[in-house]
Amino acid sequence: MATRKIMAIIGANSKIGTLLAERMAPTYDLLLMDSSSDKLMALTNSIRLQQPATNINSLACCREASWEADVIVVVAAMEQLPAIAEKIKEVTNRKPVIHFSPAGAATTTLQELLPHANVVVVELEAVASTERLQKVVRLGGVDKEALKLAGEILARSFATAL
């Protein structure tokens, strides 16, 4: 039996973070982090009810959430990136870090802040439709395996939402 990989989602309470957590729960063990512990516990309990076999934990610290993760997803505002990067940089060496960002918002890239991580930026553009959440504008990074993983995660998570 194959060992399940661990995904940390920093910003799990956001629309994208919640969608990722719900869609990736059958495939990954999840470590969820967000600043609102009440909402985070509600999300964790909701996923446990929907998918009881899923190993899911909510954590208060993004470093702690990233420590054991095989892949780290960051869904955060650009102004939060330096503080998040400072907390997780010691535990991101050679790990894929997937950053969901609004289109055109990248002024400081996460790759600059995490030079030893395999960062992939997924730029999203809001779509004015209740049926569609967002659309991917650009997928960027230099590590081929991290790009492939990001593409797989996008396909599983957003295939019906986009």
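Look above for the structure.
Here is a short report on the structure shown in this document. The residue count restarts for each chain, going from 1 along the sequence in the order it is written. Local features in this predicted model are restricted to residues of pLDDT 70 or higher, and side-chain atom pairs are both shown and tallied only at a pLDDT of 80 or more, whereas totals for entire chains, interfaces and linings draw on every residue. Hydrogens and water are ignored here; the side-chain numbers use all heavy atoms of the structure.

**Structural notes on the layout of surface pockets**
Just so we agree on the cut-off: A pocket, in this scheme, is an open set of points on a 1 Å grid over the protein atoms alone with protein on both sides within 12 Å along at least 5 of 7 lines, while a cavity is a set where a 1.4 Å probe fits but cannot get out; residues line either one if an atom lies within 4 Å of a point. Grid points are joined across faces, edges and corners, and a volume is the space filled by probe spheres set on the points. Numbering of helices and strands starts at the N terminus; helices are DSSP runs of H or I of at least 4 residues and strands are runs of E of at least 2. Residue polarity follows a fixed list, in which Ala, Val, Leu, Ile, Met, Phe, Trp, Tyr, Cys and Pro are nonpolar, Asp, Glu, Lys and Arg are charged, and the others, Gly among them, are polar.
Here the largest pocket defines a volume of roughly 280 Å³. Along the wall of the largest pocket there are 15 residues; nearest its centre are Lys 5, Tyr 28, Asp 70, Pro 96 and Leu 149. With six residues, helix α6 (residues 144–158) is the single largest residue contributor to the lining of the largest pocket. The residue makeup of the lining of the largest pocket, split by class, is five nonpolar, two polar and eight charged. Put simply, the second largest pocket is a space of about 210 Å³. Looking at the second largest pocket, the residues that line it are Ile 10, Gly 11, Met 33, Asp 34, Ser 35, Cys 62, Val 75, Ala 76, Gln 80, Ala 83, Ile 84 and Lys 87.

**Thoughts on helix α4 (residues 81–88)**
Heads up, the rule is: When accessible area is computed with a 1.4 Å probe and restricted to protein chains, residues below 20% of their type maximum are described as buried, those above 50% as exposed, and intermediate ones as partly exposed. Note that the arc is defined by the directions from the helix axis to the C-beta atoms. In this description, contact between two residues means that some pair of their heavy atoms is separated by no more than 4.5 Å.
Buried within α4 we find Leu 81, Ile 84, Ala 85 and Ile 88. Down the axis of α4, the buried set is contained in an arc of 100°. They therefore lie on one face. Where α4 is buried, its residues meet β1 (6–10), α3 (62–67), β4 (71–75), β5 (96–102) and α5 (110–113).

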